[in-house]
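Now for the letters of each chain:
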Amino acid sequence: MYFDSLQYIIFVPIVLAAYQFMPSRWRWAVLLSASIGFYAALRMPLLVIAWTLVVLTSYWCGRRISGEGNDLRRRTYLWAGVAAQLVILVSIKYLRNILRLILPGFEISTGGTEWFSTLGISYYTLQAVSYLADVYLGMTEPERHLGRFALYLGFFPKLLQGPIERAGDLLPQLRSLGSFNYANVRSGVLLFCWGLFKKVAVANRLAPFVTAVYYDPHGYSGISLIAATYMYAIQILADFSGYTDMALGVARMFNIRLTENFNSPYFATSIADFWRRWHISFSRWILDYIFKPLQIQWRDARKVGVVGALLVTFLFSGLWHGSTLTFVAWGLLHGVYLASSILLKPWREAVYHKIGLANHPWRRAFQAFVTFHLVVFAWIFFRASSIADSWYIATHLFVAATTRISYATTVRGGVMGAILNGRSARDFAMLGAAMTVWFLGSTFSKIVRLQDQPIWFRWSMYYAVILALVYLNAYDDVGFVYFQF
Amino acid sequence: MIKPDLKHAILDELRLEDWQIDDETTAAEVPGWDSLSHVNVILAVEKAFGVRFSNVEVLKLNSIGDLQRLLDSKLG
């Protein structure tokens, strides 16, 4: 039962009705039961066990940290809690490999049950660690109500793919769950539909163009590789921000505001700015719980300390996404970008002055252009199946058609042939239409507050979103990119 | 109440001529004080007042008022 499934679209109104008819002091129980049911419906039993262990260990350690006066013991409970989350995370992520190591040739007959999925676990273990650290630092009060705490970690709209919520942001909302609010339900439904549109009309339409090239990049060169890489940059944004809109929309129907995860990331004017706009809840997490402690610990080393903290932080970011070398390379590349921006700052400013760009109105546009291309280049490593593939792509972006496929697509089909790679012009036109609707809708929502508009205008917009969903839907079953982490 | 010598140490490190700073002001509200330059501001304050903060003390800071109170507690 994923967000873009019919079951989910039936499930949410049923939960909403139960939530509405339940007395306010039991609403947490409705949401918790729905969340457990949602997780159980995925038929991944180990994940429910892992989630239960995360809830119990972090709840218990949180209570112990706050009830303890001795700082050494408080620190012991903090590290015990963090270690428990790490052990649970690593055990689930590598369980199949561990079992195969112990029992060579091990296989399990699944019968429709997925025993080795890791769906959601990376998100709520990070959230549990942040809760423990915030309790230790006195930034949040520990939650005494076990059911409400379990809901904080398992609230179904954010269970599988975040946002990673800070205790201080979400727990107070769960303590006073409000009754049915028409304005919230209406805007929540619209946000859900808008996110669904981004996923099924934009991301799913881009996916085949990208997959065609990235599945076996050695058959392509030049324009095909460049086009597929740009398309992937747009696909991953539409996919992940679409998911986030759906999560935020459903949470809003229950009067809960989750963290915005995206803020026009491709308009960032530096890599640091990009990380303030991309997957914001995760960026805040690595900043607060890895970068800052390391930066403070190594502060006497000045710039070297900051550079070291950045590299370790982004190495963690890469490893969190996956244990393969491609994710490590992607994480380290971002670490190197940020470290370079610190080390080269004096020279960069001197160059800006020399070429007259220091106070020029075009400076921000130039910075945004450079930042966007650095980010897109790094996506090559994120998307490619292996380091060999990513290296091939990175070194053949500006190489003319030499292989059989790229010769066929580029030389015979021209630039369009290289971009289409066998897909029809109609597919490309539909993609263009979907992206235009996305761009116009995003721009419009930044300029106009829809709830302030007259009723005829609001309902025209609702119908426009529904029509766009129906007519531009790709009707392909493509999983969410960020589910794999 | 932020004392002038703390304000001076912060503004000096950030190369700002002047900026309104009060108890509730956060780092994000001061131009140039971002996550990358944060450690430089802390080092500048430590150097200016001859004190050393523990890592946890620095991580607990939420506002410049917190920094002033921490500094006062160190200076006795």
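Computed from a predicted model, the values in this text were never measured in an experiment. (Residues numbered from 1 in each chain as written. Chains lettered and ligands numbered in written order. Predicted model: local features only at pLDDT ≥ 70, side-chain atom pairs only at ≥ 80, totals over all residues.)

(A) Seen up close, the overall build of chain A. Across its full length, chain A holds 21 helices and zero strands. The C-alpha atoms of chain A give 24 Å as radius of gyration, which agrees with the globular expectation for 485 residues (23 Å, within 12%). Projected onto its principal axes, the C-alpha coordinates of chain A cover approximately 70 × 60 × 60 Å. Within chain A, buried positions represent 40% of all 485 residues. (Helix = DSSP H or I, 4+ residues; strand = E, 2+ residues; numbered from the N terminus. Rg over C-alpha atoms; globule rule 2.2 N^0.38 Å. Buried ≥ 20, exposed ≤ 12 C-beta atoms within 10 Å, placed from the backbone.)

(B) How the structure looks around the overall build of chain B. Secondary structure summary: chain B contains four helices and zero strands in total. Ordered by position from N to C terminus, the α and β elements of chain B give α-α-α-α. Rg of the C-alpha trace for chain B: 11 Å, near the compact-globule value of 11 Å for 76 residues, within the 12% margin. Along the first, second and third principal axes, the C-alpha atoms of chain B reach 30 × 25 × 20 Å. Within chain B, buried positions represent 13% of all 76 residues. In chain B, the share of contacts with a sequence separation of at least 24, taken over all contacts with a separation of at least 6, comes to 46%. (Contact = placed C-beta atoms within 7 Å.)

(C) Inspection of unusual backbone geometry at higher detail. In this model, Arg302(A) sits at a positive phi of 55°, which is unusual for a non-glycine residue. As for its position among the elements, Arg302(A) is in the loop between α12 (280–297) and α13 (303–321). Phi at Arg15(B) takes a positive value of approximately 55°, unusual for a residue other than glycine. Within the element layout of this structure, Arg15(B) appears in the loop between α1 (4–14) and α2 (38–49).

(D) Structural view of the confidence of the model for chain A. When pLDDT is averaged along chain A, the result is 86; 91% of the residues meet or exceed 70. At the low end of the mean pLDDT range in chain A sits helix α18 (residues 404–412) of chain A, at 56; at the high end sits helix α6 (residues 146–154) of chain A, at 95. (pLDDT = per-residue confidence, 0-100.)

(E) Examining the interface of chain A and chain B more closely. Each partner contributes residues to the interface: chain A has 13 residues there, and chain B has 10 residues. For the side of chain A that touches chain B, the element with the highest residue contribution is α12(A), accounting for seven residues. For the side of chain A that touches chain B, the residue count by class is eight nonpolar, three polar and two charged. (Nonpolar A, V, L, I, M, F, W, Y, C, P; charged D, E, K, R; others polar.)

(F) Focus on the domain arrangement of chain A. Residue and element names in this part refer to chain A. As far as domains go, chain A holds domain 1 (6–180) and domain 2 (181–485). Domain 1 and domain 2 are separated by 27 Å when their C-alpha centres are compared. In this assembly, 23 residues from domain 1 lie in contact with 23 residues from domain 2. When residues of the side of domain 1 that touches domain 2 are traced back to their parent elements, those giving at least two are α1 (6–21), α5 (121–136), α7 (156–159) and α8 (167–175). (Domains from an automatic or database assignment.)

(G) Structural view of helix α9 (residues 182–214) of chain A. With 33 residues, α9(A) should cover 48 Å at 1.5 Å per step; its first-to-last C-alpha distance of 45 Å lies within 8% of that length. Within α9(A), the axis deviates most sharply at Ala203(A), by approximately 35°. (Expected span 1.5 Å × (residues − 1). Bend = angle between axes of the 7 residues up to and from the residue.)

(H) Geometry of the packing of α9(A) against helix α20 (residues 425–447) of chain A. All names here are of chain A. Two elements in contact, α9 and α20, have axes whose closest approach is 9 Å; the angle formed by their N-to-C orientations is 145°. Crossing angle aside, the handedness with which α9 passes α20 is left-handed. Residue-level contacts link Trp 194, Lys 198, Ala 201, Val 202, Arg 205 and Leu 206 of α9 to Met 430, Leu 431, Ala 434, Met 435, Trp 438 and Gly 441 of α20. (Axes fitted to C-alpha atoms, helices over the stretch in contact; angles between N-to-C directions. Left-handed = near helix turned anticlockwise from the far one by under 90°.)

(I) View of the environment of Glu143(A). All names here are of chain A. For Glu 143, the location among the structural elements is in the loop between α5 and α6. Separated by 32 residues in the primary sequence, Glu 143 and Arg 175 have C-alpha atoms spaced 9.7 Å apart. If near-sequence neighbours (up to four positions away) are discounted, Glu 143 is found in contact with Arg 148, Phe 149, Tyr 152 and Leu 171.

(J) Main features of the nonpolar core. Residue and element names in this part refer to chain A. Ranked by size, the top nonpolar core spans 137 residues in total, and within it Leu 31, Leu 132, Tyr 152, Leu 206, Val 210 and Ala 228 carry the most contacts. For this core, the leading source of residues is helix α10 (residues 223–253), giving 17 residues. Looking at which domains feed residues into this core, each of domain 1 (6–180) and domain 2 (181–485) supplies at least three. (Core = buried A, V, L, I, M, F, W, Y, C linked by C-beta atoms within 7 Å.)

(K) Structural detail: the environment of Arg74(A). Residue and element names in this part refer to chain A. On the secondary structure map, Arg 74 appears in helix α4 (residues 71–102). Taking the C-alpha atoms as reference points, Arg 74 and Arg 63, 11 residues apart in sequence, are found 10 Å from one another. If we ignore the near neighbours within four places in the chain, the residues touching Arg 74 are Ile 65, Glu 68 and Tyr 136.

(L) The arrangement of helix α14 (residues 325–343) of chain A in detail. For α14(A), built from 19 residues, the straight-helix expectation of 27 Å at 1.5 Å per residue is met to within 8% by its first-to-last C-alpha distance of 26 Å. Residues of α14(A) that are buried make contact with α11 (271–277), α13, α16 (363–383) and α17 (387–395) of chain A.

(M) Fine view of the environment of Leu75(B). Residues and elements named next belong to chain B. In this fold, Leu 75 is placed in helix α4 (residues 64–75). You can call Leu 75 exposed: it has 9 C-beta atoms within 10 Å. With 26 residues separating them along the chain, Leu 75 and Phe 49 place their C-alpha atoms 8.2 Å apart. In this structure Leu 75 touches Phe 49 and Val 51, once residues within four positions along its chain are discounted.

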